[in-house]
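# Structural overview for review
Chain residues, written in single-letter form:
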Amino acid sequence: MHGYEMIQEIAERSDGVWKPSPGSVYPTLQLLEDEGLIVSATEGGKKLFSLTESGRAAAEEGPEAPWEAASRGIDWEALGEIRQAGFGLMEAFGQVWKTGSAEQREKAVGVINEARKKLYLILADED
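What counts, and where the lines are drawn
Residues numbered from 1 in each chain as written. Predicted model: local features only at pLDDT ≥ 70, side-chain atom pairs only at ≥ 80, totals over all residues. Heavy atoms only, no water. Helix = DSSP H or I, 4+ residues; strand = E, 2+ residues; numbered from the N terminus. Rg over C-alpha atoms; globule rule 2.2 N^0.38 Å. Buried < 20%, exposed > 50% of the residue type's maximum accessible area, 1.4 Å probe, protein only. Areas by Shrake-Rupley, 256 points an atom, 1.4 Å probe, with all protein chains shown as cover. Lys, Arg positive; Asp, Glu negative; His and termini not counted. Charge placed at Lys NZ, Arg CZ, Asp CG, Glu CD. Pairing = 2+ DSSP bridges. Phe/Tyr/Trp six-rings, centres within 6.5 Å; stacked < 30°, edge-to-face > 60°. Salt bridge = Lys/Arg side-chain N within 4 Å of Asp/Glu carboxyl O. Arc of directions from axis to C-beta. Core = buried A, V, L, I, M, F, W, Y, C linked by side-chain atoms within 4.5 Å. Contact = heavy atoms within 4.5 Å.

### Details of the overall build of the protein chain
Helix and strand content of the protein chain: 6 helices and 2 strands. Scanning the protein chain from its N terminus toward the C terminus, one meets helices and strands in the order α-α-β-β-α-α-α-α. The globule rule puts the C-alpha radius of gyration for 127 residues at 14 Å, and the 21 Å found for the protein chain is more than 25% above it. Taken along the three principal axes of its C-alpha coordinates, the protein chain extends 60 × 35 × 25 Å. Here the protein chain, with 127 residues, has 16% of them falling under the buried criterion. For the protein chain, the computed accessible surface area is about 9700 Å², with 56% contributed by carbon and sulfur atoms. The positive charge centre, built from 13 side chains, and the negative charge centre, built from 23, are 9 Å apart in the protein chain.

What follows is the structure, encoded as structure tokens:
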């Protein structure tokens, strides 16, 4: 696989809970290649990676797949509610930004900033 395919595969295997960034995947691939655990080959303009024998052995000896741990214990119903609320907030903000006056946009930014502060206060158990 090439790096982008790996990112997609991890996201799919973790049910969307974990989607590593290219900024973390590609340096990790380079490190694994430097350590002789994977090799790369360019095909059709894409750099494809595969495990070496020692890489396969290391993978078999290693801990469970990280995408399994990432999705364990997730309250999928609550996650759906959170996502819906977040998307709804951004949709409303986008409407104000696209159609509102400069004053309305300024107020909208203030609301978003205030909401962010209030969310952090929840974590701090403050009102």
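From this point, the narrative continues.
### Regarding the pairing of strand 1 (residues 38–43)
In the sheet, strand 1 pairs with strand 2 (residues 46–51) via 6 bridges, with the strands oriented antiparallel. Bridging from a neighbouring strand, Ala41 pairs with Leu48 of strand 2.

### Describing the packing of aromatic side chains
Using the criterion set out here, one finds 1 aromatic pair in the structure. Consider the rings of Phe93 and Trp97, whose centres lie 5.8 Å apart with planes at 20 degrees: the pair is stacked. With Phe93 and Trp97 both in helix 5 (residues 76–99) and 4 residues apart, this pair spans about one turn of that helix. Residue class for Trp97 comes out partly exposed when judged on its relative accessible area of 41%.

### Details of the pattern of salt bridges
In this structure the tally under the stated criterion is 2 salt bridges. A salt bridge links Glu9 to Arg13, with the shortest nitrogen-to-oxygen separation between them at 2.8 Å. Of this pair, Glu9 and Arg13 both sit in helix 1 (residues 3–13), separated by 4 residues, roughly a single helical turn.

### Here's the deal with helix 1
Within the sequence span of helix 1, burial applies to Gly3, Ile7, Ile10 and Ala11. Projected down its long axis, helix 1 carries its buried residues within an arc of 100 degrees, all on one side. In the segment just after helix 1, Asp15 is the residue with positive phi, at about 55 degrees.

### As for the nonpolar core
Grouped together as the largest cluster of nonpolar side chains are 5 residues: Ile7, Val25, Leu29, Ile38 and Phe49. The residues contacting Leu29, other than those within four sequence positions of it, are Gly3, Met6, Ile38 and Phe49.

Geometry only, nothing functional implied.
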